[in-house]
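Observations on the model geometry
In case you want the letters, here they are:
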Amino acid sequence: MTELVYRKCTAEHIKLIVPQYGMEAEKMLYLSPEYADVLTENFALSAWAGVKCIAAAGIVHCNKHRAVGWTLIGRNAGPYMRQITKKVRNVLDGYAVARLEMTVRTDFHEGHRWAELLGFEMEAARMRKHGLNGEDETLYVRIKE
């Protein structure tokens with residue numbers, strides 16, 4: 001299997017990712033003009049398997065104590081999830097913020113498993129109508145003391 005290469009993420013990288021089923025709206029959000037500063041003003045990486053961009057992830061600062069993580073994982077990322085998980089966990093471990101949050105659709109079981117593998121703990125099991133399309137989401141957090 002190809003070793004992944006990580007690059008500073010740009011909107012052009014996001015355009016190349018074929019999102020997992022049900023995540024098309026998130027891709028469009030990340031490409032919207034309103035979201036442009038997320039890529040340029042915050043930490044964001046893309047993962048490349050050869051010439052294919054298969055995933056992107058980043059962290060958006062809300063204030064000096066709190067940040068929110070985001071990801072867009074491609075349909076073809078499955079064989080690379082171990083490498084992606086290791087890289088994301090290493091970034092999170094070294095990131096200097098007291099509270100890091102991520103949300104997962106309540107019906108996305110693989111997302112819940114991934115949150116746990118990344119070292120997040122569930123804080124709110126169900127946030128009603130919280131998602132981009134009004135879906136329920138679960139809130140996960142990583143707290144550094």
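Above this text sits the structure in question.
Quick caveat, the model's predicted, so the values are computed rather than measured. (Residues numbered from 1 in each chain as written. Predicted model: local features only at pLDDT ≥ 70, side-chain atom pairs only at ≥ 80, totals over all residues. Heavy atoms only, no water.)

Comments concerning unusual backbone geometry
The phi angle at lysine 129 is positive, at roughly 60°, despite the residue not being glycine. Tracing the chain through its elements places lysine 129 in the loop between strand 6 (121-127) and strand 7 (137-143). You can call lysine 129 exposed: its relative accessible area is 64%. (Helix = DSSP H or I, 4+ residues; strand = E, 2+ residues; numbered from the N terminus. Buried < 20%, exposed > 50% of the residue type's maximum accessible area, 1.4 Å probe, protein only.)

Notes on the pattern of salt bridges
The tally for this structure, following the rule as stated, stands at 8 salt bridges. Note that arginine 99 is salt-bridged to glutamate 123, the shortest N-O span being 2.4 Å. Of the two residues, arginine 99 sits in strand 5 (residues 99-105) while glutamate 123 sits in strand 6, which places them 24 residues apart along the sequence. Residue class for glutamate 123 comes out partly exposed when judged on its relative accessible area of 43%. Among the salt bridges present, the one from arginine 105 reaches aspartate 107, with a minimum N-O distance of 3.0 Å. Judged by its relative accessible area of 19%, arginine 105 is buried. Relative accessible area serves as the criterion here: at 53%, aspartate 107 is assigned to the exposed category. (Salt bridge = Lys/Arg side-chain N within 4 Å of Asp/Glu carboxyl O.)

Brief notes about the state of the cysteines
Summed over the entire model, instances satisfying the criterion amount to 0 disulfides. For the unlinked cysteine cysteine 9, the closest cysteine sulfur is that of cysteine 53, found at 6.2 Å. Judged by its relative accessible area of 2%, cysteine 9 falls in the buried class. For cysteine 53, a relative accessible area of 4% translates into the label buried. (Disulfide = S-S within 2.5 Å.)

Side note on the pairing of strand 2 (residues 43-49)
Most of strand 2 is tucked away, with 6 of its 7 residues classed as buried. As paired elements, strand 1 (residues 5-8) and strand 2 share 4 bridges and run antiparallel to each other. Paired with tyrosine 6 across the two strands is alanine 47, which belongs to strand 2. For strand 2 and strand 3 (residues 52-61), the ladder comprises 7 bridges, and the chain directions are antiparallel. By the bridge assignment, alanine 44 is partnered in strand 3 with glycine 58. Linking strand 2 to strand 3, which pair antiparallel, is a turn of 2 residues; within it glycine 50 sits at a positive phi near 65°. (Pairing = 2+ DSSP bridges.)

With respect to the environment of isoleucine 14
By secondary structure assignment, the location of isoleucine 14 is in helix 1 (residues 11-16). A relative accessible area of 0% means that isoleucine 14 is categorised as buried. Sequence-wise, isoleucine 14 and lysine 27 are 13 residues apart; in three dimensions their C-alpha atoms are separated by 7.1 Å. For isoleucine 14, the residues in contact, after removing those within four places along its chain, are Cys9, Lys27, Tyr30, Leu31, Leu39, Ala56, Trp70 and Leu72. (Contact = heavy atoms within 4.5 Å.)

Considerations on the environment of glycine 69
Its location among the elements puts glycine 69 in strand 4 (residues 66-73). The spacing of glycine 69 and leucine 92 is 23 residues in sequence and 9.2 Å in space, taken between C-alpha atoms. Sequence-distant contacts of glycine 69, defined by excluding residues within four places in its chain, comprise Gly58, Ile59, Leu100, Glu101 and Met102.

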